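Survey of secondary and tertiary structure
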Amino acid sequence: MIKLESLVEDCDISTQEGIEEACRRIASKEKDVDCRLEEILSQQCQLEGKMRNIGLALAGLGVVGDKTRNLSTQIDHTSQLAEKVSAKVRRLDEARSRVSECQQRVHDLIDLQLCSQGVITAIKEEDFEKGAVHVNRFLAMDKNLLQKTADDVSGSITSVSKAVSTLEQAATQIRHVVNQKFDEAVKKDDLASVERFFKIFPLLGMHDEGLAKFMTYICTKLQAKAQKELRSSMDIAKAEKRTTVAYSDTLTVLLENIARVVEVNQAIIENCYGAGRLVPVIAILQRECDDEVVKLVLEFNKNRQIGRRVAQINDFIKNSGNTAAMGHYRKPSGGGSMDKLNAKDIDALIGEITIIHSRAELYVKFIRRRCANDLDKSSLDQEAKDGKLNELNEILQKSRLSTQMQEVLGTYLLFERYFMEESVLKAIALDNLEQGQQCSSMLDDVFFIIRKCIRRSNGTQSLDGICAVINNAASCLEQDFLNALKSPLKAGYPTGYMDLAQSALQSSIQQGRLQTSDVDQARTKFITALNNADMSTEFIETLHSAMADEIKLNFPAMTSREKEKLESCLSLLKSVGDSLKALVDFGLQQLRTAAIKPRLHPWVDQFIAHNHNLTEEELATYEAGETFIQFLIVQIDGMLTMFKASLTPRNYDALVSIVTTEITARLERAIKKSTFNRLGGLVLDQEARALASFLTGATSWSVRDKLAKLLQLATILNLESVSELPEYWESSSATWRLTPSEVRTVLALRIDFRMEDIKKLRL
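This is a predicted model, so every value here is computed, not measured. (Residues numbered from 1 in each chain as written. Predicted model: local features only at pLDDT ≥ 70, side-chain atom pairs only at ≥ 80, totals over all residues. Heavy atoms only, no water.)

1. Considerations on the overall build of the protein chain
Our working rule: Each helix is a run of H or I in the DSSP string that is no shorter than four residues. Each strand is a run of E no shorter than two, and both are numbered from the N terminus. Three exposure classes are used, based on accessible area relative to the maximum for each residue type with a 1.4 Å probe and protein chains only: buried under 20%, partly exposed in between, and exposed over 50%.
A tally of regular secondary structure across the protein chain gives 27 helices and two strands. Across the 763 residues of the protein chain, 41% fall into the buried class.

Here it is in structure tokens:
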């Protein structure tokens, strides 16, 4: 119920106005109540429909409850039936198992009698395969089950015991005969008989002994073949003109022979002995492989004089006074001459060492892959497979093949580093610039050597070796190559007003050679070093991407740790690239200080000497003669033309960018020191646009950003009135490089603008 007192409590009903206000409030409230009632009544039909639906649903719930109870009763009944059927099935399965066991006992007894009779006949007829089959069947029987069966069957104990005794004696006899026959076949080198008896061993339960005997025979054959090939390797190499890779060829043949043994006999071993037995076979073969590899490496070290050459390099490093690195060698302090190893003499030897190591790595990968495939075919559980693989890895890692290859890799890295750094130093020493070339021979020679060494390391199949060579290459470039480029750049660009083109024309020909002055030579060295540094950044990027792709292609299954290691080493090449870019920037700044600023500043400063408060007659006279901007563009064009032919495109574009920066900065200062009238501002705007057009067309880089402030400054001085500036300021899409304070300062340079109007500007 609505309390009227609450509606009229603040109304004074003693007055006419208060009574009217109270009535108005009551009428408004009644209107709200009527609207609410109408809204509620309008929902009556919907509510009644929902109530009817609820009633129908309640009636259906009873039916659902009845059906649910019926379903529960049926499920209980079905469950009881299933339990009864399951019990019968279990009893039937138990009976079937007992029948199967009974049948197996009967079959074993029958087979036992047949085997005991057949094995005696096979021994008499020397049919060892058939006898071994009977023994194998006997060995597969459960002797305890046979004895239990004999106890259960009356009168069969004696016959079963006799058959068992006969078979045990026959097994012993056949084993002895097979061993003897196998040894005789080995002495006669009868491969067919060897393979025949080798297949009999697993039937007699002699798996390990059969594998050991057969592999020993194979190793004997391999040993004889390896010794023969080692003795004849040099003769064959000379005949085929492969003396430089004679030992790598011999090692290749040796490892291929062992791999062929594994490949040919793996199927026989799997068929006769079962899968999962290749690891012990590898262990036997690896011992023979180790012996032959040791002999080969000793012969290689002796004939290739590895020890003497290693000693020469180590002595040279020691006597050079730099044990940390081989770069920047110093002459020995003893005053005597040192027998220095010629890097060219070990080039072919490094290639042979690379092949030797790669063949060993390929052999190890082949063995691991074969053993993994063999274990995958076996019935061993995963834990047993992992154990076998760990055993294989231990065999390979502790083998003398592994230790010998580690020594070979160490020798390779020492030789490769010596070859790389000595060759780079020689390329730097023999550097020359051919006429018409922008870069000297040192650039191509150095990067050819670096690329050759890294690619050759990729052939070792050793990621550690590759990373070591990349590290050495980065160190060699960072030290020797960069220092060779820094020297002429640090000396600076020689001062003087003689252009390179002029010096070339003024050079004289004496005794058929082109002679130039010391200044010209210094300028040429500076420009060449700057070009070499610029092109080196591109060479470094190409080298980095090419080597990364080649290495990843050669090692497709790298682990995450190996990938991180490789990326870390390759990043050193990027670091060298960054150093080269910094060196290019340093050289350009040297060129800016010595050759750009001293020429540009006097040219630009002539702007101040010209009158910029022009009359119509003065403007016509000025335009009829050589204008300032025409003079400036001619001078700049001459200077840029002088450098364009001698600089690389990127260096030239960078030079144009430097020239643009210097011109705009100097011209802006000159403008602020001058005053202008309307015609002077018009001329300035035209000259600024002409200069911008010339500089933009002189380079492939975008330099408009550097010219933006100058163009805006000229635009402001070209305005007809101060009142035009706000509209232009707001409508311009370009970002203003001038602050409002600077704009007012520039406007003040116009002698025809009033300071009062300039101060009133709202920007």
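2. Regarding the pattern of salt bridges
Defined as follows: We define a salt bridge as a side-chain nitrogen of Lys or Arg found within 4 Å of a carboxyl oxygen belonging to Asp or Glu.
Tallying each qualifying case throughout the model produces 28 salt bridges. The residue Arg 277 makes a salt bridge to Asp 208 at a minimum N-O spacing of 3.7 Å. Of the two residues, Arg 277 is situated in the loop between α9 (246–273) and α10 (278–303) and Asp 208 in helix α8 (residues 207–239); the sequence distance between them amounts to 69 residues. You can call Arg 277 partly exposed: its relative accessible area is 25%. The closest approach of N and O atoms between Asp 752 and Arg 750, which form a salt bridge, is 2.8 Å. Several salt bridges share partner residues, and in doing so they unite Asp 347, Glu 416, Lys 452 and Arg 456 into one network.

3. Concerning the packing of aromatic side chains
Selection rule: Paired rings are identified among Phe, Tyr and Trp, the last through its six-membered ring, by centres lying within 6.5 Å, and are further divided according to the angle between planes into stacked (under 30 degrees), edge-to-face (over 60) and tilted (the rest). Whether a charge lies above a ring is judged from NZ of Lys or CZ of Arg, which has to be within 6 Å of the ring centre and within 35 degrees of the ring normal.
Per the counting criterion, the structure on display carries 11 aromatic pairs. With a centroid separation of 6.3 Å and 90° between ring planes, the pair formed by Phe 316 and Tyr 418 is classed as edge-to-face. With Phe 316 in helix α11 (residues 306–319) and Tyr 418 in helix α14 (residues 400–429), this pair connects stretches of sequence that are 102 residues apart. Aromatic ring contacts, followed pair by pair, group Phe 198, Phe 214 and Tyr 273 into a single cluster. Its end group placed over the ring of Phe 419, Arg 456 keeps NZ or CZ at 5.0 Å from the ring centre.

4. What about a negative patch on the surface?
Selection rule: For patch detection, residues must exceed 30% relative accessible area and be free of salt bridges, and they are connected within 9 Å for like charges or within 5 Å for nonpolar side chains (Val, Leu, Ile, Met, Phe, Trp, Tyr). Note on areas: Shrake-Rupley, 1.4 Å probe, and residue coverage restricted to the protein chains presented here. The convention is simple: Lys and Arg are positive, Asp and Glu are negative, and His and the chain ends are not counted. Where a charge lies is defined by one atom per residue type: Lys uses NZ, Arg uses CZ, Asp uses CG and Glu uses CD.
A contiguous patch of negative charge, built from Glu 30, Asp 32, Asp 34 and Glu 38, is present on the exposed surface. Looking at the secondary structure, you find Asp 34 in helix α2 (residues 16–42).

5. A word on a positive patch on the surface
A cluster of basic residues, Lys 84, Lys 88, Arg 90 and Arg 91, forms a positive patch on the protein surface. Relative to the helices and strands, Arg 90 is located in helix α3 (residues 44–124).

6. Examining the nonpolar core
The following threshold applies: Throughout this description, the term nonpolar core refers to a set of buried Ala, Val, Leu, Ile, Met, Phe, Trp, Tyr and Cys residues connected via side-chain atoms within 4.5 Å. Any two residues having at least one pair of non-hydrogen atoms within 4.5 Å are treated as being in contact.
In terms of nonpolar packing, the biggest core is built from 181 residues, with Leu 285, Phe 481, Ile 636, Phe 643, Ile 671, Leu 691 and Leu 747 touching the most fellow members. Of all the elements, helix α19 (residues 560–609) adds the most residues to this core, at 17 residues. Ignoring any residue separated from it by four or fewer positions in sequence, one finds Phe 643 in contact with Tyr 493, Ile 527, Leu 591, Ala 595 and Leu 655.

7. Description of the confidence of the model for the protein chain
Selection criterion: The predictor attaches a confidence to each residue, called pLDDT, with possible values from 0 through 100.
Residues at a pLDDT of 70 or more form 83% of the protein chain, whose mean pLDDT is 81. Low pLDDT, under 50, characterises residues 322–338; the predicted model gives this stretch 35 contacts beyond four residues in sequence or across chains. Ignoring residues within four places in sequence, the model shows residues 497–516, a span with pLDDT below 50, making 28 contacts including any to other chains.

8. Examining α10
We count it as follows: Take the residue count of a helix, subtract one, and multiply by 1.5 Å to get its expected span.
When the terminal C-alpha atoms of α10 are compared, their 36 Å separation across 26 residues agrees well with the 38 Å that a helix rising 1.5 Å per residue should span. Count one or two residues on from α10 and you reach Gln 305, which has phi positive near 55°.

9. Focus: the layout of surface pockets
As a reminder of what qualifies: In this analysis a 1.4 Å probe is tested at points of a 1 Å grid over the protein atoms alone, and where it fits but cannot get out there is a cavity; an open set with protein on both sides within 12 Å along at least five of seven lines is a pocket; lining residues have an atom within 4 Å of a point. Grid points are joined across faces, edges and corners, and a volume is the space filled by probe spheres set on the points. Amino acid classes used here: Ala, Val, Leu, Ile, Met, Phe, Trp, Tyr, Cys and Pro are nonpolar; Asp, Glu, Lys and Arg are charged; the rest, including Gly, are polar.
Of the voids in this model, the second largest pocket is the one considered here, and its volume is about 900 Å³. In terms of lining, the second largest pocket is formed by 27 residues, of which the most central are Glu 361, Arg 368, Gln 461, Ser 462 and Leu 463. If you list the elements that add at least two residues to the lining of the second largest pocket, you get α12 (347–377), α13 (382–397), α14, α16 (463–491) and α19. Tallying contributions element by element places α12 first for the lining of the second largest pocket, with six residues. Residue composition of the lining of the second largest pocket, grouped by class: 11 nonpolar, nine polar and seven charged.

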